[in-house]
Amino acid sequence: MTPTSPLPDPAPVLDLLMAFRRSKVMFAGVTLGVFDALEAGPKTAAALATELKADGDALGRLLDACVGLHLLTRSGEGYANTPTATAYLTSASPRRLTGYLRFTDEILWKLWGNLADAVRDGTHGWKRTFGWDGPIFGQIFHTPDLRREFTMGMHGMGVISSPQVVAAFDLSRFRTLVDLGGATGHLAVAACRRYTALRATVFDLPEVTPIATELVGASDVSARVGVVSGDFFVDELPASDLYSLGRILHDWSEDKILLLLQKVYDRLPAGGALLVAEKLINDDRTGPDMAQMQDLNMLLVTEGKERTLGEYAALLRRVGFASVDGRATGAPVDAILAVK
Ligand SMILES: C[S@@+](CC[C@H](N)C(=O)[O-])C[C@H]1O[C@@H](n2cnc3c(N)ncnc32)[C@H](O)[C@@H]1O
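Residues numbered from 1 in each chain as written. Predicted model: local features only at pLDDT ≥ 70, side-chain atom pairs only at ≥ 80, totals over all residues. Heavy atoms only, no water.

## Describing unusual backbone geometry
Backbone geometry follows two general trends: most residues other than glycine have a negative phi, and most peptide bonds adopt the trans configuration. For the record, the criterion: The helix and strand labels rest on DSSP assignments: H or I over at least four residues marks a helix, E over at least two residues marks a strand, and numbering proceeds from the N terminus. Each residue gets one of three labels from its accessible area relative to the maximum for its type: buried under 20%, exposed over 50%, partly exposed in between, using a 1.4 Å probe on protein chains only.
In this structure, the amide linkage connecting Gly287 to the following residue, Pro288, adopts the cis form with an omega of -10 degrees. With respect to the element layout, Pro288 can be found in the loop between strand E8 (273-278) and helix H15 (289-301). Notably, Lys53 is not glycine yet its phi reads approximately 55 degrees, a positive angle. Mapping Lys53 onto the fold places it in the loop between helix H3 (45-52) and helix H4 (56-68). In the Ramachandran plot, Arg247 falls in the positive-phi region, its phi being about 55 degrees despite a non-glycine side chain. Counting through the fold element by element, Arg247 comes out in the loop between strand E7 (242-246) and helix H14 (254-267). For Arg247, a relative accessible area of 15% translates into the label buried.

Quick look at the structure:
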């Protein structure tokens, strides 16, 4: 570069330099209770500061930042939630992402603080960051509060993804679905809503199934969705002609993935299928950004990784699946259908 040549655009660097500040403004708004407090109607910064026991000037500055980020609107002195904040950032909303947000702020934020070390030694960050050792989900479910937070976080992401995942392929020929590691049951519920003759089972660890029973029981398809406790690596899987694995394969090492896929394949009748919900990396590994960020998240949090459709197809074919098809859904996870 000569002294007279134009400078490269600094915008990508500046944007990334500041990106975490925007995230933290939203996290602080949720932690302080700003969006919940504004559900009752518009309020001034002074009224909110009294209600939320915050410093008036500092809170006003945070509220203005939220206006700039399109989470709040301001009319005169009154601040109000945008429809986006009401849907995703308030604790009474069925679409809330606050569980995943709190998990991100309290857990992932600290793990990501050690990303360079994780890349240096290629291992997850639990021991380094929190001093915890042992099986991954034992660490995430370290306390009942963390377990609920993580599971409700999965739920918030799930309810905005599962309707598209179950619609990605025509599943109307299947009579039963067992969602392995189904957490709160959002995928089973979405499938039963779309396929009105389908019966479904949510299968998850015993510490998670009480939350599934609670949320499935409150759904409009509760009569067709059961909940079973078990360990998918150890226990016999409930019989079914369709299984699903939503955001499960990306958690585990290749050996454990092959063990689980083989169990599913062996349990299926001929013509049965496995629906996999994962965010797919492009075949040429150029994106999408969300899958690549999730891939590094998996490095920090699990023993797994995100993959391309070709990489998933190779694993599925190794255990015997004859036909493997993938679809981008536009949702936070994509869909793969593997047929026996
Ligand atoms: C990343 S979450 C995904 C949850 C859900 N499928 C979704 O897409 O929102 C992983 C889930 O797998 C469950 N899980 C982990 N190990 C398991 C095991 N050995 N047997 C059954 N479920 C397990 C966890 O309890 C958790 O609900």
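## Digging into H4
Applicable threshold: Residue count minus one, scaled by 1.5 Å, sets the expected span of a helix. As used here, the arc belongs to the directions running from the helix axis to the C-beta atoms.
An ideal rise of 1.5 Å per residue puts 18 Å on 13 residues; H4 measures up with 19 Å between its terminal C-alpha atoms. Buried residues of H4: Leu59, Gly60, Leu62, Leu63 and Cys66, and no others. Mapping the buried residues of H4 onto a view down its axis gives an arc of 165 degrees, with all of them on the same face. Residues of H4 that are exposed and point more than 90 degrees away from the buried face comprise Asp57, Arg61 and Gly68.

## Looking at the side chain of Lys279
Rules: Each polar contact in these results corresponds to two N or O atoms within 3.5 Å; when the atoms are within protein, one needs to be able to donate a hydrogen and the other to accept it, and residues that are neighboring in sequence are counted only if both atoms are side-chain atoms. Contacts are residue-level and defined by heavy atoms, with any inter-residue pair within 4.5 Å sufficient.
The topology assignment puts Lys279 in the loop between E8 and H15. A polar atom in the side chain of Lys279 sits 3.2 Å from the backbone oxygen of Ala331. Ignoring anything within four residues of it in the chain, the contact list for Lys279 reads Pro288, Ala291, Glu306, Arg307, Ala331, Pro332, Val333 and Asp334.

## A look at the domain arrangement of the protein
Heads up, the rule is: All domain edges in this entry derive from an automatic or database-based domain assignment.
Segmentation of the protein into domains returns domain 1 (11-88) and domain 2 (139-339). On a C-alpha basis, the centroid separation for the pair domain 1 and domain 2 is 34 Å.

## Observations concerning the pattern of salt bridges
Short version of the rule: The salt bridge criterion pairs a side-chain nitrogen of Lys or Arg with a carboxyl oxygen of Asp or Glu, the two atoms within 4 Å.
Here the structure, examined in full by the defined rule, presents 17 salt bridges. The residue Arg102 makes a salt bridge to Glu106 at a minimum N-O spacing of 3.2 Å. One end of the pair, Arg102, and the other, Glu106, are both in helix H6 (residues 98-112), four residues apart, so they sit about a helical turn from each other. Taking relative accessible area as the criterion, Glu106 reaches 33% and is therefore assigned partly exposed. Here Asp325 ties to Arg327 by a salt bridge, and the two come within 3.0 Å at their closest N and O atoms.

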